[in-house]
Amino acid sequence: MSFFSNFSSDRCPGTISGNPLSGLCEKVCIQAEKIFDAGIIQTRLENYSATIENAVPENPTYPLTFISARSLSSEGVVSNLNVERQAEGPCARVQATVTIPIEIVYVDANGVEGKATSNIVMNEDVLLFVPCASVMPYTVTASVSSISPEGVWNADTSTFSLSACVTVILKVAMQVELLVPSYGYSAIPPAQEYSQEVCSGFFELPLYPQGRNCSKK
């Protein structure tokens with residue numbers, strides 16, 4: 001059992017059936033990250049120069065042959081943040097540098113497969129809603145994803161020249177205490193252990209053949 005498979009219980013999260021007010025018992029204060037605004041930027045980069053670091057195994061034999069590259073984390077590093085509130089409207093101009101850690105997999109000149117880290121750096125300039133000044137500060141964060149289907153080793157600069165598909169989601173967020181309606185504490189059903197039952201198909205067979213047509217049960 002689990003939340004997903006235990007649909008019968010009204011003490012588990014899931015789709016509401018019937019009157020949504022039925023079962024509400026209290027107002028609960030929860031600490032959460034409130035997202036005031038978010039925007040997605042998707043870009044295809046060509047011939048992006050990536051310098052490798054932290055090679056495993058160390059000291060590969062050059063030249064290197066590219067295999068693949070993708071982001072190491074869904075969280076980007078935001079730096080050089082500049083927020084300019086607009087004279088009209090609630091939005092602000094948000095400028096930021098977003099650094100995306102990536103891992104590059106390659107084969108060296110001796111046929112040894114290795115991997116190394118690098119970064120893709122994006123300079124973003126967007127309009128986002130920014131809340132008014134308050135005691136609690138907001139933050140600008142970035143959710144990121146990157147995949148590189150193609151890459152070439154550049155012996156002159158000892159870098160990879162990558163083609164990359166990059167997604168950056170910039171968010172204006174704040175840690176807040178929210179008051180929300182609650183149905184009370186959730187019931188946690190026991191987890192169902194995975195087992196591969198090798199005899200299940202055999203045991204489901206009838207004891208004796210049924211009729212002359214074997215395709216029918």
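So, how was this worked out
- Residues numbered from 1 in each chain as written.
- Predicted model: local features only at pLDDT ≥ 70, side-chain atom pairs only at ≥ 80, totals over all residues.
- Heavy atoms only, no water.
- Helix = DSSP H or I, 4+ residues; strand = E, 2+ residues; numbered from the N terminus.
- Buried < 20%, exposed > 50% of the residue type's maximum accessible area, 1.4 Å probe, protein only.
- Contact = heavy atoms within 4.5 Å.
- Salt bridge = Lys/Arg side-chain N within 4 Å of Asp/Glu carboxyl O.
- Core = buried A, V, L, I, M, F, W, Y, C linked by side-chain atoms within 4.5 Å.
- Pairing = 2+ DSSP bridges.
- Phe/Tyr/Trp six-rings, centres within 6.5 Å; stacked < 30°, edge-to-face > 60°.

Colleague: Any details on the overall build of the protein chain? Residues and values, ideally.
Modeller: When helices and strands are counted, the protein chain shows one helix and eight strands. Secondary structure elements in the protein chain, listed N-terminal to C-terminal, are β-β-β-β-β-β-β-β-α. In the protein chain, which comprises 217 residues, the share counted as buried stands at 26%. Long-range contacts, defined as pairs at least 24 residues apart, comprise 76% of the intrachain contacts of the protein chain with a sequence gap of at least 6.

Colleague: Tell me about the pattern of salt bridges, and please be specific about residues and values.
Modeller: Charged atoms that come close allow side chains of opposite charge to pair. All chains considered together, the criterion is met by three salt bridges. Ionic pairing is found between Arg44 and Glu46, a salt bridge with its closest N-O pair at 2.5 Å. Relative accessible area serves as the criterion here: at 45%, Glu46 is assigned to the partly exposed category.

Colleague: Please set out the nonpolar core residue by residue, giving values where relevant.
Modeller: Core analysis: the largest hydrophobic core is formed by 32 residues, its most contacted members being Ile100, Ile104, Ile120, Phe160, Val166, Val168 and Leu170. For this core, the secondary-structure elements that each account for two or more residues are β1 (26-50), β3 (65-71), β5 (91-107), β6 (113-129), β7 (139-154) and β8 (159-182). In this view, Leu170 contacts Asp37, Ala38, Gly39, Ile41, Val98, Glu124, Val126, Leu128, Val140, Thr141 and Ala142; residues no more than four positions away in its chain are not counted.

Colleague: Before we move on, could you go through the pairing of β3 and cite the residues and values that matter?
Modeller: As defined by bridge partners, β3 adjoins β5 across six bridges and the pair is classed as antiparallel. The residue of β5 that forms the bridge with Phe66 is Tyr106. Both β3 and β7 contribute to a ladder of two bridges, which runs antiparallel. Bridge pairing in β7 places Ala69 opposite Ser148.

Colleague: So what about the packing of aromatic side chains? Which residues, and what values?
Modeller: All chains considered together, the criterion is met by four aromatic pairs. Between Phe66 and Phe160 the ring centres are 5.9 Å apart and the planes differ by 65°, which places this aromatic pair in the edge-to-face class. Remark: Phe160 occurs in strand β8 and Phe66 occurs in strand β3; sequence separation between them is 94 residues. Under the relative-accessibility criterion, Phe160 is labelled buried at 0%. When the centroid spacing of 5.0 Å and the interplanar angle of 70° are considered together, the rings of Trp153 and Phe160 count as edge-to-face. A single burial state applies to Trp153 and to Phe160, both of which are buried. Cluster of aromatic residues (ring-pair linked, three or more members): Tyr62, Phe66, Tyr106, Trp153 and Phe160.

Colleague: Got a sec to walk through unusual backbone geometry? Specific residues and values, please.
Modeller: With an omega of 0°, the peptide bond running from Val56 to Pro57 counts as cis. You can see Pro57 is positioned in the loop between β2 (53-56) and β3. A cis geometry characterises the amide bond from Tyr62 onward to Pro63, with omega recorded as 5°. Even without glycine at this site, Asn59 takes up a positive phi of about 50°. By secondary structure assignment, the location of Asn59 is in the loop between β2 and β3. Look at Asn80: it is not a glycine, yet its phi comes out positive at around 50°. In this fold, Asn80 is placed in strand β4 (residues 77-85).

Colleague: Give a description of the environment of Ile102 that names residues and reports values.
Modeller: Within the secondary structure layout, Ile102 lies in strand β5. Judged by its relative accessible area of 1%, Ile102 is buried. The spatial distance from the C-alpha of Ile102 to the C-alpha of Ala50 is 9.5 Å, given a sequence separation of 52 residues. With sequence-adjacent residues up to four places away left out, Ile102 is seen in contact with Arg70, Ser71, Leu72, Ala116, Thr117, Ser118, Asn119, Ile120, Ser146 and Leu162.

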